[in-house]
Amino acid sequence: MSYSVFNSFPSIPLLANVPHSSDLIPEWTRDQFTVSDEDVREQNRQLVDWFTDELYSPIVTAGGCMVRHEVSRFVLDPERFEDDAQEIMAERGMGAIYTHGCQRQRIRRELSKEERERVLATYYRPYHGELIRQAQGCLERFGTCVVIDCHSYPERPLPYELFGDTERPDVVLGTDPHHTPDSSVKVIERITREFGYSFGLNKPFAGTYVPLPYYKDSRVVALMLEINRATYMNEALVQKSEGFDKMRSCVEAIVGALAAQVA
């Protein structure tokens, strides 16, 4: 299965998209990579959004739904456009199917048309299909759906990043002009600062995921949360730090405020 669903019948219209928390490299894809197992593990260490399924678990606890992608983004990144011609990161070898790593080095051979289609059919389309299904269910039951794009990012910039030279706040909010109301921006900034964290808007990461059939549908609210890993984990050891519980409490407060806005 390319994804897992937690609380598929939510009691509140919150839908969490967790696309990058897995480090799994399925055995049948391993021969596509041209680097050692150690190198693959190192790429995962640097770029996986570690523990984000746990960090954003208050969404499920509050009654929302979470959809989690179950393979490493190095196998398939569901946050990219399927068509490389539409995807800006494809220029850096990091479209839906990565060919390059964090340092912009080659890590994967060119796939045949058939191989590429198999990866997309196995890990990309089913995941997006489930997110669309869950969004549709929210709209039918509640008349609205709040999509929360759940991420983290490294304390120090990596060479692949487009805007690595900007400040790296504790919490970054990514927005969409059609789907992120000012009221949500204000409440998230307020809560973040009340917890003592620094806050950034659309830098160094911008935008958010919106299920494509519902783009510009006014019933859908969407936002992206990017949490600096230095606030909740030791990146070198891939271990949660003492700050994990505090950051999860901050997420819990944000979730409560968003749920209240659409109650």
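As a reminder, the structure under discussion sits directly above these lines.
All of these numbers come straight from a predicted model, not from anything done at the bench.

Asks: How would you sum up the nonpolar core? Please name residues and give values.
Replies: Counting residues in hydrophobic clusters, the biggest one holds 36 residues, and the most contacted among them are Y56, I59, I148, I188, L225, Y232 and M247. For this core, the elements supplying multiple residues, two or more each, are β2 (14-18), β4 (145-153), β5 (171-174), α5 (182-194), β7 (220-228) and α6 (244-261). Sort the elements by how many residues they give to this core and α6 lands first, with 8 residues. Leave out the neighbours within four places in its chain, and M247 touches L55, D170, V171, Y197, I227, T231 and Y232. Among the nonpolar cores identified, the runner-up in size contains 27 residues, and F33, L76, M89 and V119 belong to it.

Asks: Residues and numbers for the pairing of β5, please.
Replies: In β5, alternate side chains face the same way, and those of V171 and L173 on one face and V172 and G174 on the other are all buried. As defined by bridge partners, β5 adjoins strand β6 (residues 199-201) across 3 bridges and the pair is classed as parallel. By the bridge assignment, V172 is partnered in β6 with G200.

Asks: Explain unusual backbone geometry to me, using residue names and the numbers behind them.
Replies: Residue P204 is reached from K203 by a cis peptide bond, and omega for that bond is 5°. Along the chain, P204 turns up in the loop between β6 and β7. Positioned with a positive phi, K216 is a non-glycine residue whose angle comes to about 70°. Tracing the chain through its elements places K216 in the loop between β6 and β7.

Asks: Account for the packing of aromatic side chains, with residues named and values stated.
Replies: In total, this model carries 5 aromatic pairs according to the counting rule given. With 5.9 Å between their ring centres and 15° between their planes, W28 and Y123 make a pair best called stacked. Taken as a pair, W28 in the loop between β2 and α1 (37-47) and Y123 in helix α4 (residues 113-142) lie far apart in primary sequence, 95 residues in all. Residue classification places W28 among the partly exposed residues on the basis of a relative accessible area of 27%. Between F74 and Y98, the ring centres sit 5.4 Å apart and the planes meet at 90°, which makes this aromatic pair edge-to-face. One end of the pair, F74, is in the loop between β3 (65-69) and α4; the other, Y98, is in the loop between β3 and α4, and 24 residues separate them in sequence. Take F74 and Y98: they sit in the same class, and that class is buried.

Asks: If you had to explain the state of the cysteines to someone new, which residues and values would you point to?
Replies: Taken as a whole, this structure holds 0 disulfides when the rule is applied. The thiol sulfur of C250 is not disulfide-bonded, and the nearest other cysteine sulfur, from C150, lies at 13 Å. A residue is classified by how much of its surface remains accessible, and C250, at 0% relative accessible area, is buried.

What counts as what
- Residue positions are given per chain, counted from 1 along the sequence in the order it is written.
- Local features in a predicted model are, by the rule used here, given only for residues with pLDDT of at least 70; side-chain atom pairs are given and counted only at 80 or more, and totals for whole chains, interfaces and linings are based on all residues.
- Where side-chain values are given, they derive from all heavy atoms of the structure, hydrogens and water being excluded.
- Grouping buried Ala, Val, Leu, Ile, Met, Phe, Trp, Tyr and Cys residues that are joined through side-chain atoms within 4.5 Å yields what is termed a nonpolar core.
- Only protein chains enter the accessibility calculation, which uses a 1.4 Å probe; a residue is then buried when its area is under 20% of its type maximum, exposed when over 50%, and partly exposed in between.
- Counting from the N terminus, the helices are the DSSP runs of H or I reaching at least four residues and the strands are the DSSP runs of E reaching at least two.
- Here, residues are in contact when the closest pair of their heavy atoms is within 4.5 Å.
- We treat two strands as partners when DSSP finds at least two bridges between them.
- Centre distance within 6.5 Å is the pairing criterion for rings of Phe, Tyr and Trp, where only the six-membered ring of Trp is used; planes under 30 degrees apart are then read as stacked, over 60 as edge-to-face, and the remainder as tilted.
- Here, the term disulfide refers to a pair of cysteine sulfur atoms separated by no more than 2.5 Å.

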